[in-house]
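# Observations on the model geometry
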Amino acid sequence: MKITKDLYHGSLALLTDFYQLTMAYAYWKSGKADQQAVFNLFFRKNPFQSGFTVAAGLDYVIDFCRNFKFEENDLEYLQQMTQKDGTPTFEEGFIQYLRELKFSCDVDAVEEGTVIFPNTPMVRVRGPLLQCQLLETPLLNIINFQTLVATKASRISLEAKGDPVLEFGLRRAQGIDGALAASRASYIGGCSSTSNVMAGKLFGIPVSGTHAHSWIMAFDTELEAFEAYAEAFPDNCIFLVDTYDTLKGIQNAIKVGQSLKAKGKKMLGIRIDSGDLAYYSNVAREMLDEAGFPDAKVVASNDLDEHILSSLKMQEAAIDIWGIGTKLVTAYDQPALGAVYKMAAIKNEKGDWVPKLKVSQQAVKINIPGFQNVRRFYKNGKAMADMVYLENGEKLPDEITIIDPNDPTKRKKIQSGALESKVLLKSIFKEGEKVYTRPKLDEIREKTLTGLGRFDKAHKRLINPHIYPVGLEESLYHLRTDLVLKAKNYH
Ligand SMILES: Nc1ncnc2c1ncn2[C@@H]1O[C@H](COP(=O)(O)OP(=O)(O)OP(=O)(O)O)[C@@H](O)[C@H]1O
Ligand SMILES: O=P(O)(O)OC[C@H]1O[C@H](OP(=O)(O)OP(=O)(O)O)[C@H](O)[C@@H]1O
Ligand SMILES: O=C(O)c1cccnc1
Ligand SMILES: [Mg+2]
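This structure is a prediction, so every number in the text was calculated from the model and none was measured.

Thresholds, definitions, all that
- Residues numbered from 1 in each chain as written.
- Chains lettered and ligands numbered in written order.
- Predicted model: local features only at pLDDT ≥ 70, side-chain atom pairs only at ≥ 80, totals over all residues.
- Heavy atoms only, no water.
- Patch = residues over 30% accessible without salt bridge, like charges linked within 9 Å, V, L, I, M, F, W, Y side chains within 5 Å.
- Areas by Shrake-Rupley, 256 points an atom, 1.4 Å probe, with all protein chains shown as cover.
- Salt bridge = Lys/Arg side-chain N within 4 Å of Asp/Glu carboxyl O.
- Lys, Arg positive; Asp, Glu negative; His and termini not counted.
- Charge placed at Lys NZ, Arg CZ, Asp CG, Glu CD.
- Helix = DSSP H or I, 4+ residues; strand = E, 2+ residues; numbered from the N terminus.
- Buried < 20%, exposed > 50% of the residue type's maximum accessible area, 1.4 Å probe, protein only.
- Near = heavy atom within 4 Å.
- Polar contact = N/O pair within 3.5 Å; in protein donor to acceptor, adjacent residues only side chain to side chain.
- Nonpolar A, V, L, I, M, F, W, Y, C, P; charged D, E, K, R; others polar.
- Pairing = 2+ DSSP bridges.
- Right-handed = clockwise from strand over helix to strand, strands pointing away.
- Core = buried A, V, L, I, M, F, W, Y, C linked by side-chain atoms within 4.5 Å.
- Axes fitted to C-alpha atoms, helices over the stretch in contact; angles between N-to-C directions.
- Contact = heavy atoms within 4.5 Å.
- Parallel < 35°, antiparallel > 145°, perpendicular 65-115°, else oblique.
- Left-handed = near helix turned anticlockwise from the far one by under 90°.
- Phe/Tyr/Trp six-rings, centres within 6.5 Å; stacked < 30°, edge-to-face > 60°.

## Overview of a negative patch on the surface
Taken together, the side chains of Asp220, Glu224, Glu227 and Glu231 define an acidic patch exposed on the protein surface. Looking at the secondary structure, you find Glu227 in helix α10 (residues 222-232). Judged by its relative accessible area of 40%, Glu227 falls in the partly exposed class.

## Considerations on the site of ligand 1
Every residue close to ligand 1 is listed here: Asp273, Ser274, Gly275, Asp276, Leu277, Ala278, Asn302, Asp303, Leu304, Ile308, Leu312 and Gln315. At a separation of 2.6 Å, an oxygen atom of ligand 1 approaches a polar backbone atom of Gly275. Here Gln315 contributes a side-chain N or O atom positioned 2.9 Å from a nitrogen atom of ligand 1. Considering ligand 1 on its own, with 640 Å² of exposed area, one finds that the protein chains cover 55% of that surface. Of all the elements in the fold, those that place two or more residues in the shell around ligand 1 are α12 (277-290) and α13 (306-314). When the residues that make up the shell around ligand 1 are grouped by side-chain class, the tally is five nonpolar, four polar and three charged.

## Quick word on the pairing of strand β9 (residues 267-272)
Along β9, five of the six residues are buried, which leaves the element largely enclosed by surrounding structure. Pairing analysis gives four bridges linking strand β8 (residues 237-240) to β9, with the strands arranged parallel. Across the sheet, Cys237 pairs through a bridge with Met267, a residue of β9. Between the parallel elements β8 and β9, the chain passes through helix α11 (residues 246-262) in a crossover that is right-handed. Pairing of β9 with strand β10 (residues 297-300) involves four bridges; the strand directions are parallel. Each bridged residue has a counterpart across the sheet, and for Arg271 the counterpart in β10 is Val299. Between the parallel pair β9 and β10, the chain is carried across by α12, and the sense of this crossover is right-handed.

## Re the nonpolar core
By size, the foremost hydrophobic cluster in this structure holds 133 residues, and its most contacted members are Leu41, Phe70, Met122, Val123, Phe239, Ile270 and Tyr341. Looking at this core element by element, the count peaks at 16 residues for helix α6 (residues 129-160). Ranked by size, the runner-up nonpolar core spans nine residues in total, among them Met384, Tyr389, Ile400 and Ile414.

## Some remarks on the pairing of strand β21 (residues 470-473)
As defined by bridge partners, strand β15 (residues 382-390) adjoins β21 across three bridges and the pair is classed as parallel. Across the sheet, Met387 pairs through a bridge with Gly471, a residue of β21.

## Looking at the sheet that holds strand β6 (residues 165-167)
Strand order in the open sheet formed by six strands is β7-β6-β11-β10-β9-β8, with parallel pairing between adjacent strands. Whereas interior strands pair on both sides, the edge strands pair on one side only; in this sheet they are β7 (193-194) and β8. Judged from the three bridges that link them, β6 and strand β11 (residues 321-324) form a sheet pairing that is parallel. Residue pairing for β11: Leu166 is matched across the bridge by Gly323.

## Remarks on the sheet that holds strand β18 (residues 420-423)
Spatially, the six strands line up as an open sheet ordered β17-β16-β21-β15-β14-β18, and their pairing is mixed. Pairing within the sheet leaves two strands with one partner each, and these edge strands are β17 (411-415) and β18. Direction aside, neighbouring strands of the sheet carry axes that sit 35 degrees apart on average. Here two bridges tie strand β16 (residues 399-403) to β21, and the two strands are oriented antiparallel to one another. Note that in β21 the partner of Ile402 across the bridge is Glu473. Packed on one face of the sheet, helix α16 (residues 474-487) meets β14 (372-379), β15, β16, β17 and β21 and runs near 80 degrees to β21.

## A few points about the packing of helix α2 (residues 18-29) against helix α5 (residues 92-100)
Running from amino to carboxyl end, α2 crosses α5 at an angle of 105 degrees, the nearest separation of the two axes being 10 Å. It follows from the interaxial angle that α2 and α5 lie roughly perpendicular. Facing Leu21, Ala24, Tyr25 and Trp28 of α2, the residues of α5 in contact are Gly93, Phe94 and Tyr97. Across the contact of α2 with α5, the residue classes tally to six nonpolar, one polar and no charged.

## Examining the site of ligand 2
All residues adjacent to ligand 2 are Phe168, Arg171, Arg172, His213, Arg271, Asp273, Asn302, Asp303, Ile324, Gly325 and Thr326. In isolation ligand 2 has 470 Å² of accessible area, and contact with the protein removes 73% of it. Considered class by class, the residues forming the shell around ligand 2 number two nonpolar, four polar and five charged.

## Considerations on the packing of helix α4 (residues 72-79) against α5
Where α4 meets α5, the closest approach of the two axes is 10 Å, and the angle between their N-to-C directions is 160 degrees. It follows from the interaxial angle that α4 and α5 lie roughly antiparallel. As α4 runs across α5, the sense of the crossing is right-handed. Contacts between α4 and α5 involve Glu72, Leu75, Leu78 and Gln79 from the first element and Glu92, Ile95, Leu98 and Arg99 from the second. When its residues are assigned to classes, the contact of α4 with α5 shows four nonpolar, one polar and three charged.

## Considering the packing of aromatic side chains
Here the structure, examined in full by the defined rule, presents 20 aromatic pairs. Ring plane angle 35 degrees and centroid distance 6.4 Å describe the contact between Tyr60 and Phe203, whose orientation is recorded as tilted. Taken together, the residues Tyr60 in helix α3 (residues 58-66) and Phe203 in helix α8 (residues 197-203) connect sequence positions 143 residues apart. Neither Tyr60 nor Phe203 differs from the other in exposure class; each is buried. Aromatic pair Tyr229 and Phe233: ring centres 5.3 Å apart, planes at 40 degrees, arrangement tilted. Accessibility expressed as a relative area gives 40% for Phe233, which makes it partly exposed.

Geometric descriptors of this kind do not, in isolation, establish any biological role.
See the structure below:
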């Protein structure tokens, strides 16, 4: 298929906002294109009122950076662009600069499947200003969506408490690429399979499914339809029982299950896709148990999300497997994460790094300046706080104070020497060369599950989760405060 082929194998250099290119041109004109800069990608609020976020999308970022190159046909498109007076938008010298441009940035990032929190860098890009700038839009495009869906999937998976969650979203997803990326992110977040066969092929996600109502409607009776499906898949049938009458549907499934059993085969289960799922799943469970099918699974679907799933669990619904589409892959209740990409420092003519700050009327919108990293501290095996700090080669003291960037009265003392800790930003590219070995998708999914296991359940509850402490190391806090005061002319 041409669209997908182009998306995954063609040049993506023009997948950016026009203003990135006009700025790039103006950086080039003003001699700033190769000035060294650092940008951070971060978000300000967990999505879905969640107590945490799960990072995803780095794999696409790696592909994007590795293939970052202006092809001749991209340049031709830029060459024919004109301004209002008819003159070319971009001078030939700039087109030549882009032709010769070779990705040469350092990229550090949190790995996919890492549990992360607001205001901490997820991706840090250091390199020539023009290149850093051109990465803003595509990096945000990739990370915003995949992180959002991975977080949704992990919320759903946590509520499912180990039951398999099948991702059924393709038909309602945001287009072709949205669907593929959502299937991948859903798997990272903890789903066990996808119905999207292309996602299975591209990413190696297990593919699974049942059958639709149309299968039943194609026969004179439901029983005939079940029999014919059992004929085709004697060891792999899950019968959708609610096309006409759910109770009769369960009876018909049992009948076909019995004849499969007589042939030494096994009915896997049934699916219920409408009505009161708590009531019907319990009725189905009783009927299946009584008929000698204690292992037959009950699959439920129909506009499910983490909240309905949790309610069904509270109602003791007898559901073993959850099929979830629309609300997962579209991140229905919050369609964008809102991550941003901000300059944190720039090198001056003398070769010194100058920390940079964007001042805002809203305190939460003031970024964190300087060349940063994040360290996560653990106490008794559980994550206790994340610290954003300046990565300047200086050793941190054994006792550290971290300060909430949005409320300086919230502080935490950390005996860093005595605690287990790890640095979250990993080196991905060094001067444009990939230095990171990508984990397999299954390893990423495992990382999400074990990573979440190291957080207290108070941070993982659906409603009013306990806020996980994230703070600035004291000297970074003071640097930021001084810069804000200076910018506001209080100094
Ligand atoms: N016991 C339950 N507790 C809470 N929510 C439920 C329960 N059973 C079903 N639901 C949810 O209630 C909603 C029912 O939606 P709706 O009324 O459109 O479906 P329906 O009439 O059962 O099915 P359909 O229209 O597909 O035939 C769905 O989101 C479903 O997941
Ligand atoms: O509800 P979702 O979480 O998106 O899961 C996917 C849905 O897609 C299918 O039916 P479809 O919605 O196409 O038709 P129906 O609801 O009318 O059966 C399936 O039966 C699920 O209900
Ligand atoms: O396999 C299924 O049951 C399925 C697949 C896509 C959407 N709804 C259901
Ligand atoms: Mg539906």
